[in-house]
2 protein chains.
Amino acid sequence: MAKQKMVEAITSRDVDFAQWYTDIVKKAELADYSSVKGCMVVRPYGYAIWENIQRIMDAKFKETGHENVAMPMFIPESLLQKEKDHVEGFAPEVAWVTHGGSEKLSERLCVRPTSETLFCEHFASIIHSYRDLPKLYNQWCSVVRWEKTTRPFLRTTEFWWQEGHTMHETEEEAREETLRMLNIYADVCAQALAIPVLKGQKTEKEKFAGAQATYTIEALMHDGKALQSGTSHFFGDGFARAFDITYTDRENQVRYPFQTSWGASTRLIGAIIMSHGDDNGLVLPPAVAPIQVVIVPIAQHKEGVLDKARELEQRVKAVARVKVDDSDNTPGWKFAEYEMKGVPLRLEIGPKDIEQGQCVLVRRDNREKAVVPLEELEQRVPELLQQVHDGMYAAALENQREKTYAALTMEELVGIAESKPGYIKAMWCGDRACEEKLKEEAGVSSRCIPFEQEHLGDTCVCCGKPAKALVYWGKAY
Amino acid sequence: MAKQKMVEAITSRDVDFAQWYTDIVKKAELADYSSVKGCMVVRPYGYAIWENIQRIMDAKFKETGHENVAMPMFIPESLLQKEKDHVEGFAPEVAWVTHGGSEKLSERLCVRPTSETLFCEHFASIIHSYRDLPKLYNQWCSVVRWEKTTRPFLRTTEFWWQEGHTMHETEEEAREETLRMLNIYADVCAQALAIPVLKGQKTEKEKFAGAQATYTIEALMHDGKALQSGTSHFFGDGFARAFDITYTDRENQVRYPFQTSWGASTRLIGAIIMSHGDDNGLVLPPAVAPIQVVIVPIAQHKEGVLDKARELEQRVKAVARVKVDDSDNTPGWKFAEYEMKGVPLRLEIGPKDIEQGQCVLVRRDNREKAVVPLEELEQRVPELLQQVHDGMYAAALENQREKTYAALTMEELVGIAESKPGYIKAMWCGDRACEEKLKEEAGVSSRCIPFEQEHLGDTCVCCGKPAKALVYWGKAY
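Bear in mind that the values here come from a model prediction, so they are computed numbers and not experimental data.

Trainee: Any chance you could explain the overall build of chain A here in plain terms?
Mentor: Looking only at helices and strands, chain A has 14 helices and 23 strands in total. Rg of the C-alpha trace for chain A: 25 Å, near the compact-globule value of 23 Å for 477 residues, within the 12% margin. Per-residue burial for chain A yields a buried fraction of 60% across its 477 residues. Taking contacts inside chain A between residues at least 6 apart in sequence as the whole, the part at least 24 apart equals 68%. In the form shown here, chain A has an accessible surface area of approximately 18900 Å², with 47% of it arising from carbon and sulfur atoms. Across chain A, the centroid of the 59 positively charged side chains sits 3 Å from that of the 72 negatively charged ones.

Structural data, given as structure tokens:
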């Protein structure tokens, strides 16, 4: 068969994790490189995953009262500079527009790396009274940060995300919002992406430029490296003061409102690949899989097989996103192709199955086969999809458990960091100097101060001074 | 009542159409200005309209086999220059990025004004065989064109749109696609936006930079000016040749594929405002109205009124997007507010209505009132929404009919152009010189060569040479 394509094998995950990752991005047709350094093309299959993530998150944002808006993509240099910490953090990595058409601009514009400054400018023009609060805004867009080394989905010069920006009457309300949105991110990861995450607060060193506090969800990838997968920031009234945003409160006093922002990005697709993928390719969580069930006819040239496959497609359509592959490729090729694409369930139907009134359903995550009577199809498909999800989540959680270590001394910590990729739990005094020393000597950064604290000891793993908190340390993407 | 806001009156549509337009954009809270010249902030109410337009169009694109992707926002200068006509058309109006962080770029990047060049580069890397065709891609994004004079939604430096880009085996297939998508635009305008459009082909002078043929839908605004509301381009194999995109056909011959692109933008929101709005504000087509029915309780302090309003909200929710305004503003204020926001139906419910088991439904488009027995609510609301749509479409069609004139001589044409804003139908020889003369002497441009031709005469209205086609001329946004 001249036209028969081969599904080429990919690099083994355990042999070269980075190459394995790149192979999956390419072979599963998630993204492609472009001629602009560090910028990717998100291909239809990758974009369909992103659309599913968007749909799920957007519904949760709207349920919690948020409204979508669209801000300009450009920020005048003077606007970016209004909040001192913010500009210091972002100015070094922005793209600058200096010319419009043939004319040199009187002021440079940067392409937004994030939009706090734009939202603040707008808030200043629309917030006057407590009646104008809260403002609960979100936008879906792409942002640009000039990165030196890039990898598709994980770190690209341009990436797609949502950024929520909210303003509140009270500090308490804003703090609640910050955690509400962090919890939504964690729920989406667990319930839609089958990824368990660690929730906690970033240290001063790792927090967002301009924030008073940054909260994070961290996910542990299969190789033991952490991936920051969503962040939520409490700004206090710092930006409000810098941008002169005030409102008249219920007692007729002029006050500064309290602010939050929160974001999650196409990085989540990287998290899916590295949490669940295996040597056969991508493994997609059912909730975001563009195709949840692929029907592969066996001996499709035999009478009745294709008709039956299409009949089953119509039935499965009522309960799942389904596709029949009736191309003239061999079943073996199709098996490999849809494994590469991570389709959660494969339905095989051939002449013998038809005779016996059954089909075979094969899970992508663990390759378990179930022979299913056709009359039970509409019931079993959702059940099996749920089992795939649960199995994926359990495996990812087990990976995280296996790769989480505790260190009581610096030697122990360095030893683990050198030999066992994963999280290292250790007590910390709260000093930046110790944080920097851990980076230098063990090559790990603080991932977060987890909300669920444990007491491993009384003293800092680094300096021996009294410990303030348990911190998760690790290497990260 | 100190907290009682006033709904300020807006400029009358007949007194100052441009100011009336700006007032509606502002007072209906559709968009706001930003500190970046020509860039707007799309506010929640405006963005919700855009989301509804997107949802309707995206479903039609997917039904016809198109897939969404995301391309980079930057185009290297050398890539933009690959197709000669295209770069000539767009280079004068692009924004140039010259620096990334603190580093000067070795090659300037423009922010995409449109993405043909990016798609072509990607197509060259993924199209090899006839089996890879057709490619039916679309993306939702914003693009940037450096405009001198701007107006919210109608012409902004940055605007939001979708751009479809497709590649086909044959010229015939590509030509079919071009018209298929033009028809989808026309259907969306008629069925979702209640805007009748004229379908036709652009002249050589007005066609898209790099296209072989550009098709357009033109809508006539209330003031008699035309608005180009969507375009679809047939490229032949011009870009394919410039970008060296080839495929092996069914006979094993290497060939260039045929290409189309098509786009519609946030400009459609401008079309809605100027097609349907009146002196009380916006009038929204039900299909895209964020709120389709607003419930205004009358004498809401009286026992049972608010409870009944909320009960009706729950019932209407099953058939329409509904909101109760239970704020302490007066009913009169609420009437004005939701008229300004263009909500298609107002439901009034007060103590007497409750007693009589009825409510009052008021249409936004013509203010017709209907007293509706409460038990008929779920049936009457959709019926009335349909009547609002039909009424709006009929009024817009009537406006177009009234403001379409025919000119047999140049004098006649100039006379109409000076005194009667609208379309002028006139015969044309096909020469660019005559087109330019009409622009100069009558201030009109060719809107399109309509698919539905009429025979007004044998000779060009301008030069008297044999006419090739009837053309619609007019002033345009």
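Trainee: Honestly, the state of the cysteines in this entry has me stumped. Any pointers?
Mentor: Each disulfide consists of a covalent bond between the sulfur atoms of two cysteine residues. Residue and element names in this part refer to chain A. By the definition in use, this model includes zero disulfides over all chains. Residue C434 stays outside any disulfide, its sulfur separated by 3.6 Å from that of C463, the closest cysteine. Cysteine C448 shares no disulfide, and the gap to the nearest cysteine sulfur, in C189, comes to 13 Å. A relative accessible area of 0% means that C448 is categorised as buried.

Trainee: What is the right way to read the interface of chain A and chain B from this model?
Mentor: Many structure descriptions define interface size as the accessible area lost when the parts assemble. On the chain B side, the residues contacting the 52 residues of chain A number 52 residues. Counting each side, the surface lost to burial between chain A and chain B is near 4200 Å², with a carbon and sulfur contribution of 59%. Counting across the interface, chain A meets chain B through two salt bridges. E51(B) is paired through a salt bridge with K62(A); the nearest N and O atoms lie 3.1 Å apart. For the pair chain A and chain B, the interface holds 20 residue pairs in polar contact (both at pLDDT 80 or more).

Trainee: So what exactly am I meant to see when it comes to the packing of aromatic side chains here?
Mentor: Each pair of aromatic rings is reported with the distance of its centres and the angle of its planes. Inspection of every chain in the model, using the stated rule, returns 30 aromatic pairs over all chains. Each ring, one from F208(B) and one from F235(B), has its centre 5.9 Å from the other, and the planes form 70°; the classification is edge-to-face. With a gap of 27 residues between them, F208(B) in the loop between β9 (198–201) and β10 (213–220) and F235(B) in strand β11 (residues 226–236) connect regions that are remote in the sequence. On the basis of relative accessibility, which here comes to 1%, the residue F235(B) falls in the buried class. Site record: aromatic cluster; members linked through ring pairs are F90(A), F208(A), F235(A), F239(A) and F243(A). The aromatic ring of F335(A) is capped on one face by R346(A), whose charged end is 3.8 Å from the ring centroid.

Trainee: Please explain the relation of the copies chain A and chain B as it appears in this structure.
Mentor: In the superposition of chain A on chain B (RMSD 0.0 Å, axial shift 0.0 Å), the rotation amounts to 180°. Classification of the inter-copy transformation places it as that of a two-fold axis. Within chain A, the C-alpha atom positioned nearest to the axis of rotation is that of V97(A), 2.1 Å from it. Comparing interface residues between copies, 100% of those in chain A also sit at the interface in chain B, which points to an isologous, same-surface contact.

Trainee: Help me understand the sheet that holds strand β22 (residues 445–450) of chain A, please; the structure alone is not making it clear to me.
Mentor: The strands making up a sheet are joined through hydrogen bonds of the backbone, oriented either antiparallel or parallel. All names here are of chain A. A sheet is described by the order of its strands in space; here 11 strands give the open sequence β3-β7-β8-β14-β11-β10-β9-β22-β23-β21-β20, paired in mixed fashion. Looking at the sheet topology across the chains shown, the edges are occupied by β3 (67–68) and β20 (404–406). Here β22 runs beside strand β23 (residues 469–474); their pairing, made up of three bridges, is antiparallel. Residue pairing in the sheet places S446 in a bridge with W473 of β23. This element, helix α13 (residues 410–419), spans β20, β21 (423–428) and β23 of the sheet and lies at about 160° to β21.

Trainee: Would you mind showing me how to read the pattern of salt bridges here?
Mentor: A side chain with one charge may pair with a side chain of the opposite charge, provided their charged atoms come close. Per the stated rule, a full pass over the model turns up 61 salt bridges over all chains. Overlapping salt bridges, with partners in common, bring together E339(A), R346(A), E348(A) and R367(A) in one network.

Trainee: Where do I start with the pairing of strand β23 (residues 469–474) of chain B in this structure?
Mentor: Successive side chains on a regular strand alternate, one facing one side of the sheet and the next facing the other. Residues and elements named next belong to chain B. Within β23, six of the six residues are buried, which leaves the element mostly enclosed by the surrounding structure. Residues A469, V471 and W473 of β23 are buried on one face, and the alternating residues L470, Y472 and G474, pointing to the opposite face, are buried as well. Where strand β21 (residues 423–428) and β23 come together, five bridges link them in antiparallel fashion. Bridged to K425 within β23 is Y472.

Trainee: Explanation requested: the side chain of H276(A) in the structure shown.
Mentor: All names here are of chain A. As for its placement among the helices and strands, H276 is situated in helix α8 (residues 267–276). When its relative accessible area of 8% is taken as the criterion, H276 is described as buried. For H276, the side chain forms a polar contact with the main-chain oxygen of L193, separated by 2.8 Å. Contacts of H276, omitting those with residues within four sequence positions, involve L193, A194, I195, V283, P285, M392 and A396.

Trainee: So what exactly am I meant to see when it comes to the packing of helix α13 (residues 410–419) of chain B against helix α14 (residues 432–442) of chain B here?
Mentor: Relative orientation and spacing of two packed helices are given, respectively, by the angle between their axes and the distance between those axes. All names here are of chain B. In contact at an axis separation of 10 Å, α13 and α14 are set at 50° when each is read in the N-to-C sense. Viewed along their axes, α13 and α14 adopt a mutual orientation that is oblique. The interaxial crossing formed by α13 with α14 has right-handed handedness. From α13, M410, L413, V414 and A417 reach across to α14, where they touch K437, L438, E441 and A442.

Trainee: What am I meant to see in the confidence of the model for chain A here?
Mentor: Detail in the predicted coordinates should be disregarded across regions flagged by low pLDDT. Per-residue confidence for chain A gives a mean pLDDT of 96, with 99% of residues at or over 70. Scoring the predicted complex yields pTM 0.97 and, for the interface, ipTM 0.96.

Trainee: Even after reading the chapter, I still don't get the sheet that holds strand β15 (residues 293–297) of chain B, so can you show me in this structure?
Mentor: Residue and element names in this part refer to chain B. Pairing in this open sheet of five strands is mixed, and the strands run β16-β15-β17-β18-β19 from one edge to the other. Only two strands of the sheet have a single neighbouring strand rather than two, namely β16 (322–324) and β19 (369–373). The mean inter-strand angle of the sheet, taken between neighbouring strand axes irrespective of direction, is 25°. Each of β15, β16 and β17 (345–349) is contacted by helix α10 (residues 331–340), which is oriented at about 170° to β15, the strand it contacts most. Seen against the sheet, helix α12 (residues 377–402) touches β15, β17, β18 (358–363) and β19 and runs at an angle of roughly 15° to β18.

Trainee: Looking at this structure, I do not really get the nonpolar core. What am I missing?
Mentor: Generally speaking, soluble globular proteins have nonpolar side chains that are buried together. If you look at the biggest cluster of nonpolar residues, it comprises 63 residues, and the most contacted ones within it are I53(A), M57(A), F153(A), L193(A) and I273(A). Those residues within four positions of F153(A) in sequence are excluded, and the remaining contacts are Y21(A), V25(A), L30(A), A31(A), M40(A), V42(A), T266(A), R267(A), I269(A), G270(A) and I273(A). Of all hydrophobic cores here, the second largest spans 62 residues; its members include I184(B), A192(B), A213(B) and A264(B).

Trainee: When you look at helix α12 (residues 377–402) of chain A in this model, what are you seeing that I'm missing?
Mentor: It helps to recall that an α-helix has 3.6 residues per turn; residues three or four apart then point in one direction. Helix length check: α12(A) (26 residues) gives 36 Å between terminal C-alpha atoms against 38 Å at 1.5 Å per residue, within 8%. Those residues of α12(A) lying buried are L377(A), V381(A), L384(A), L385(A), V388(A), H389(A), M392(A), A396(A), L397(A), N399(A) and Q400(A).

Trainee: What is the right way to look at the packing of helix α2 (residues 44–63) of chain B against helix α8 (residues 267–276) of chain B in this model?
Mentor: All names here are of chain B. Here α2 crosses α8 at 110°, and the two axes come no closer than 10 Å. By the angle between their axes, α2 is roughly perpendicular relative to α8. On the side of α2, the interface is formed by G46, I49, W50, I53 and M57, while α8 contributes L268, I269 and I272. Looking at side-chain class alone, the contact of α2 with α8 contains seven nonpolar, one polar and no charged residues.

Trainee: Sorry if this is basic, but what is going on with the pairing of strand β17 (residues 345–349) of chain A here?
Mentor: Residues and elements named next belong to chain A. Among the five residues in β17, five count as buried, and that is most of the element. In β17, alternate side chains face the same way, and those of L345, L347 and I349 on one face and R346 and E348 on the other are all buried. Pairing geometry for β17 and strand β18 (residues 358–363), over four bridges, is antiparallel. Note on β18: the bridge partner recorded for L345 is R363.

The rules behind the values
- Residue positions within a chain follow its written sequence, with the count starting from 1.
- Chain labels run from A onward and ligand labels from 1 onward, assigned in the order the entries are written.
- Whole-chain, interface and lining totals are the exception, using all residues; otherwise, since this is a predicted model, local features are given only for residues with pLDDT of at least 70 and side-chain atom pairs are given and counted only at 80 or more.
- Each side-chain value is worked out from all heavy atoms of the structure, with water and hydrogens disregarded.
- Numbering of helices and strands runs from the N terminus, with a helix taken as a DSSP run of H or I at least four residues long and a strand as a DSSP run of E at least two residues long.
- The globule rule is 2.2 Å times the number of residues to the power 0.38, and the radius of gyration it is compared with is taken over C-alpha atoms.
- Between buried and exposed lies partly exposed: a residue is buried under 20% and exposed over 50% of the maximum accessible area for its type, with that area taken using a 1.4 Å probe on protein chains only.
- Whether two residues touch is decided by their heavy atoms; if any such pair falls within 4.5 Å, the residues are in contact.
- The Shrake-Rupley method, run with a 1.4 Å probe sphere, supplies the accessible areas, and residue values consider only the shown protein chains as cover.
- Charged residues are defined narrowly, with Lys and Arg counted positive, Asp and Glu counted negative, and His plus the chain ends left uncounted.
- Where a charge lies is defined by one atom per residue type: Lys uses NZ, Arg uses CZ, Asp uses CG and Glu uses CD.
- Criterion for a disulfide: a pair of cysteine sulfur atoms within 2.5 Å.
- By definition, the buried area sums, over both parts, the 1.4 Å-probe accessible area that each loses when the two are put together.
- Should a side-chain nitrogen of Lys or Arg be within 4 Å of a carboxyl oxygen of Asp or Glu, the pair is scored as a salt bridge.
- Think of a polar contact as two N or O atoms within 3.5 Å of one another; within protein, one of them needs to be a possible hydrogen donor and the other a possible acceptor, and neighboring residues in sequence only count if both atoms come from side chains.
- Aromatic pairing here means that ring centres of Phe, Tyr or Trp (its six-membered ring) are within 6.5 Å. Orientation follows from the plane angle: under 30 degrees is stacked, over 60 is edge-to-face, and everything else is tilted.
- Each ring is checked for a lysine NZ or an arginine CZ that lies within 6 Å of its centre and within 35 degrees of its normal; such an atom marks a charge sitting over the ring.
- Copies are brought into register by a least-squares superposition over C-alpha atoms of residues with pLDDT of at least 70 in both.
- Strand pairing requires that DSSP identify at least two bridges connecting the strands.
- For helices, the axis comes from a line fit to the C-alpha atoms of the stretch in contact; other axes are also lines fit to C-alpha atoms, and the angle between any two N-to-C directions lies between 0 and 180 degrees.
- Working rule for angles: under 35 degrees goes down as roughly parallel, over 145 as roughly antiparallel, 65 to 115 as roughly perpendicular, anything else as oblique.
- What makes a crossing left-handed is the near helix being turned counterclockwise from the far one by less than a right angle; a clockwise turn instead makes it right-handed.
- On a range of 0 to 100, pLDDT expresses the predictor's confidence in each residue.
- Side-chain atoms within 4.5 Å link the members of a nonpolar core, which is a set of buried Ala, Val, Leu, Ile, Met, Phe, Trp, Tyr and Cys residues.
- Helix span is expected to be 1.5 Å times the residue number reduced by one.
- Amino acids outside the nonpolar list (Ala, Val, Leu, Ile, Met, Phe, Trp, Tyr, Cys, Pro) and the charged list (Asp, Glu, Lys, Arg) are all regarded as polar, and Gly is one of them.

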